[in-house]
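Analysis of the macromolecular model
Listed below, chain by chain, are the residues.
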Amino acid sequence: MFQAIHDAKLVWLYGGVLFLLLISTLIGNILRSRHRTDASRTTIDNLNARIRAWWKMSAIFAVAVVSGRVGSLILFAIISFLAMREYMTLVPTRRGDHRTLFWSFFVIMPLQYYLVGIQWYVLFAIMIPVLACIFIPPSIAIAGDTEHFLERASKIQFGIMVCVYSLSHAPALLLLKIPGFEGHDARLLLYLVVVDQMSDVLQYVWGKLIGKHKIAWRVSPNKTWEGFVGGVISATALGTALWWATPFTPLQSAGMSLMICILGFNGSLVMSAIKRDIGIKDFGVVIEGHGGILDRIDSLCFAAPIFFHLVRYYFVP
Amino acid sequence: MSNHIHPIASLLAAVARGISGVQVQWAGCEPDERQRIYFANHSSHLDFVVLWSALPSEIRAKTRPIAAKDYWEATPLRRYLTQNVFHAVFLERGSPAKAKNPEEHHFAGRYVIEEMSDALGTENSLILFPEGTRGTGEKVGPFRSGLYHLAVRRPDVELVPAYLENLNRILPKGEFLPVPMLSLLTFGKPLHVEPDEHKDDFLERAREAVSSLRRIGSA
């Protein structure tokens, strides 16, 4: 516990995050004092609200990582819980799904994080895709309601795969034993989260600045080719520049970052499609005050498992 | 009736709020210490506790639920919770079928209204589910007439409609384990019985006032 504080490179990484937050807060304040029209005000207030939220999220994340593996595990378990809560609230379920949902929230999810905690890799890897996905359809069927049966089973399977299984690969990075990188695994988790989230932010910024050509306007009017390319290139450059904090060479780091950015984009795209399908804009908008955790982590859910397996395959003997 | 909050009541309120993640919106009025009858749709055992927990504590201490005697007195635990913890007002569920003749039914109904009026007293408020039983949550069922008679008997008390959304998915009828989805609670604009308003018209208007507060739409 608290060994993370003595990791100089981790402190540098955090210093970088802090520096970015300070700069963006400064820019946000300057923009606010310059713009007088109501329309630009709204955009800038929204920007400043986002920056304030980033301060809080970074602080929570820092506390969790500094408190060691258990802290990170608990943090990600809570995020999984909140994300799945948003997802299941907004995805239509029926009365017959009740017990399956109870199992998903109170048995499968804690068990998944427990398996990460005790480092039982094989069971961790098959728990949800094999065991839970076989368990869910019969447990719905036994309730006797066949209306939209296949849809309901798939919705729950998808929700638990994305919100719990995929996301649990982020803290699972902490149990990889990479030769020469022992005790520094918190950096790898931070690297993933920073590159992934910066990719989101930079795609948003590039999109606002020069975005014109929509990628899939039906799915998300905010996603443009300019935003995507600009965001991916700049976030990949940032990730590459952080190679010193990872077990990667600069070239490997560039490849990993590129992969994180592109997968993250796909995650956001899929979640946007789900939101359009349900008929809402944000997972957090219908239920104001509850954040929209899923909007924040959709990219991470898609990037984390593949990043985990790439690192495991290439860097763990 | 004592006006302090039982510690178990506070605990249950906190648990219910946590499980239901309820987001409260006072859309048609503000929280107020004046005497009110809060009436809402009913689809879950959590309904009362969630609604009650949404009130500020000084109002909570003076707000009592109406509980159906046949159900809530059936086991010692239920009786303890309703009577000792939440200071509920126990009532016979009026059912026209049970009464041997219309006059007897009318008499029983009058007695029930008197009891509710007494429970209101000079400073209490009540929480009432006029559907009389838990529904599936898909739509608000027809209201029983008690709300109308009570409103006529106590014109000084404000009638506040409220809509509890998604609680039927969190703890539906017949289940005892909750699923922690998010829920919404919306308080609407207070109603009064209009002069010469017919009972059925008022009850339909009250029902409409509740169901119009729905925010997400059917599941």
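Here the structure is a predicted model, which is why all the values come from computation and not from measurement.

1. Details of the overall build of chain B
Secondary structure summary: chain B contains nine helices and seven strands in total. Taking 219 residues into account, the globule formula puts the C-alpha radius of gyration at 17 Å, and chain B, at 16 Å, falls close to it. Once the C-alpha set of chain B is aligned to its principal axes, its extents read approximately 45 × 35 × 35 Å. Here chain B holds 219 residues, and 42% of them are scored as buried. Summarising the internal contacts of chain B: among those between residues at least 6 apart in sequence, 74% fall at separations of at least 24.

2. Re the sheet that holds strand 3 (residues 63-68) of chain B
The strands that make up a sheet pair up through hydrogen bonds in the backbone, lying either parallel or antiparallel. Residues and elements named next belong to chain B. Strand order in the open sheet formed by seven strands is 1-7-6-2-5-3-4, and the pairing between neighbours is mixed. Taken across any chain shown, the strands that pair with only one partner, and hence form the sheet edges, are strand 1 (23-26) and strand 4 (89-91). Between one strand axis and the next, the sheet turns by 20° as a mean value, whatever way the strands run. Bridging between strand 1 and strand 7 (residues 184-187) involves four bridges; their strand directions are parallel. By the bridge assignment, Trp 26 is partnered in strand 7 with Phe 187.

3. Considerations on the domain arrangement of chain A
All names here are of chain A. By domain assignment, chain A separates into domain 1 (1-67), domain 2 (88-175) and domain 3 (181-317). One C-alpha centre belongs to domain 2, the other to domain 3; they are set 24 Å apart. With twelve residues of domain 2 in contact, the opposing surface of domain 3 contributes 18 residues. Mapped onto the side of domain 2 that touches domain 3, the elements with two or more residues apiece are helix 3 (69-90) and helix 6 (149-172). Considering each element in turn, the side of domain 2 that touches domain 3 owes the most residues, seven residues, to helix 6. Taken together, the residues of the side of domain 2 that touches domain 3 break down into nine nonpolar, three polar and no charged.

4. Re unusual backbone geometry
All names here are of chain A. The phi dihedral of Gln 119 is positive, around 60°, even though this residue is not glycine. Tracing the sequence through the fold places Gln 119 in the loop between helix 4 (98-117) and helix 5 (121-141). Exposure remark for Gln 119: the 13 C-beta atoms within 10 Å place this residue in the partly exposed category.

5. Focus: the packing of helix 9 (residues 250-278) of chain A against helix 10 (residues 293-315) of chain A
Residue and element names in this part refer to chain A. At a minimum axis distance of 7 Å, the contact between helix 9 and helix 10 shows a crossing angle of 140°. Between helix 9 and helix 10, the angle falls in the class oblique. By crossing handedness, the relation of helix 9 to helix 10 is classed as right-handed. Touching Met 256, Met 259, Ile 260, Leu 263, Gly 264, Phe 265, Asn 266, Gly 267, Ser 268 and Met 271 of helix 9 are Leu 294, Asp 298, Ser 299, Leu 300, Cys 301, Phe 302, Ala 303, Ile 306, Phe 307 and Leu 310, all from helix 10. Residue composition of the contact of helix 9 with helix 10, grouped by class: 14 nonpolar, five polar and one charged.

6. Digging into the pairing of strand 3 of chain B
Residues and elements named next belong to chain B. Summarising burial for strand 3: five of the six residues are buried, a large majority. By the bridge criterion, three bridges tie strand 3 to strand 5 (residues 125-128) in an arrangement that is parallel. Bridge assignment links Pro 65 to a residue of strand 5, and that residue is Ile 127. Sheet topology places strand 3 next to strand 4; three bridges connect them, and they run parallel. Within strand 4, the position partnered with Ala 68 by the bridge is Leu 91.

7. Notes on the confidence of the model for chain A
Taken as a whole, chain A shows an average pLDDT of 89; of its residues, 95% reach a score of 70 or greater. Per-residue pLDDT stays below 50 along residues 286-290 of chain A; that stretch engages in 13 contacts with residues further than four places along the chain or on separate chains.

8. Regarding the nonpolar core
By size, the foremost hydrophobic cluster in this structure holds 135 residues, and its most contacted members are A:Leu167, A:Leu189, A:Leu192, B:Phe39, B:Val50, B:Leu51 and B:Ala162. Looking at this core element by element, the count peaks at twelve residues for helix 7 (residues 185-210) of chain A. Setting aside its immediate chain neighbours within four residues, A:Leu192 contacts A:Ala170, A:Leu173, A:Ile260, A:Ala303, A:Ala304 and A:Phe307.

9. Focus: helix 9 (residues 199-211) of chain B
All names here are of chain B. Between its terminal C-alpha atoms helix 9 stretches 18 Å, which fits the 18 Å expected from 13 residues at 1.5 Å a residue. Within helix 9 the residues assigned to the buried category are Phe 202, Leu 203, Ala 206, Arg 207, Ala 209 and Val 210. Seen from one end, helix 9 has its buried residues packed into an arc of 155°, which puts them on one side. Facing away from the buried surface of helix 9 by more than 90 degrees, the exposed residues are Asp 200 and Glu 208. The elements touched by buried residues of helix 9 are strand 2 (36-40), helix 7 (146-153) and strand 6 (158-165).

10. Topic: the environment of A:Tyr165
All names here are of chain A. By the element assignment, Tyr 165 lies in helix 6. Along the chain, Tyr 165 and Ser 80 lie 85 residues apart, while their C-alpha atoms are 8.8 Å from each other. When sequence neighbours within four positions are dropped, the list of residues in contact with Tyr 165 reads Gln 112, Ile 128, Pro 129 and Ile 160.

11. Examining the pairing of strand 7 of chain B
Residue and element names in this part refer to chain B. Residues Leu 184 and Thr 186 line one face of strand 7 and the alternating positions Leu 185 and Phe 187 line the opposite face, and both faces are buried. Pairing between strand 6 and strand 7: four bridges, direction antiparallel. Its bridge partner being in strand 7, Glu 165 is matched across the sheet by Leu 184.

Cut-off values and rules
Residues numbered from 1 in each chain as written. Chains lettered and ligands numbered in written order. Predicted model: local features only at pLDDT ≥ 70, side-chain atom pairs only at ≥ 80, totals over all residues. Helix = DSSP H or I, 4+ residues; strand = E, 2+ residues; numbered from the N terminus. Rg over C-alpha atoms; globule rule 2.2 N^0.38 Å. Buried ≥ 20, exposed ≤ 12 C-beta atoms within 10 Å, placed from the backbone. Contact = placed C-beta atoms within 7 Å. Pairing = 2+ DSSP bridges. Axes fitted to C-alpha atoms, helices over the stretch in contact; angles between N-to-C directions. Domains from an automatic or database assignment. Nonpolar A, V, L, I, M, F, W, Y, C, P; charged D, E, K, R; others polar. Parallel < 35°, antiparallel > 145°, perpendicular 65-115°, else oblique. Left-handed = near helix turned anticlockwise from the far one by under 90°. pLDDT = per-residue confidence, 0-100. Core = buried A, V, L, I, M, F, W, Y, C linked by C-beta atoms within 7 Å. Expected span 1.5 Å × (residues − 1). Arc of directions from axis to C-beta.

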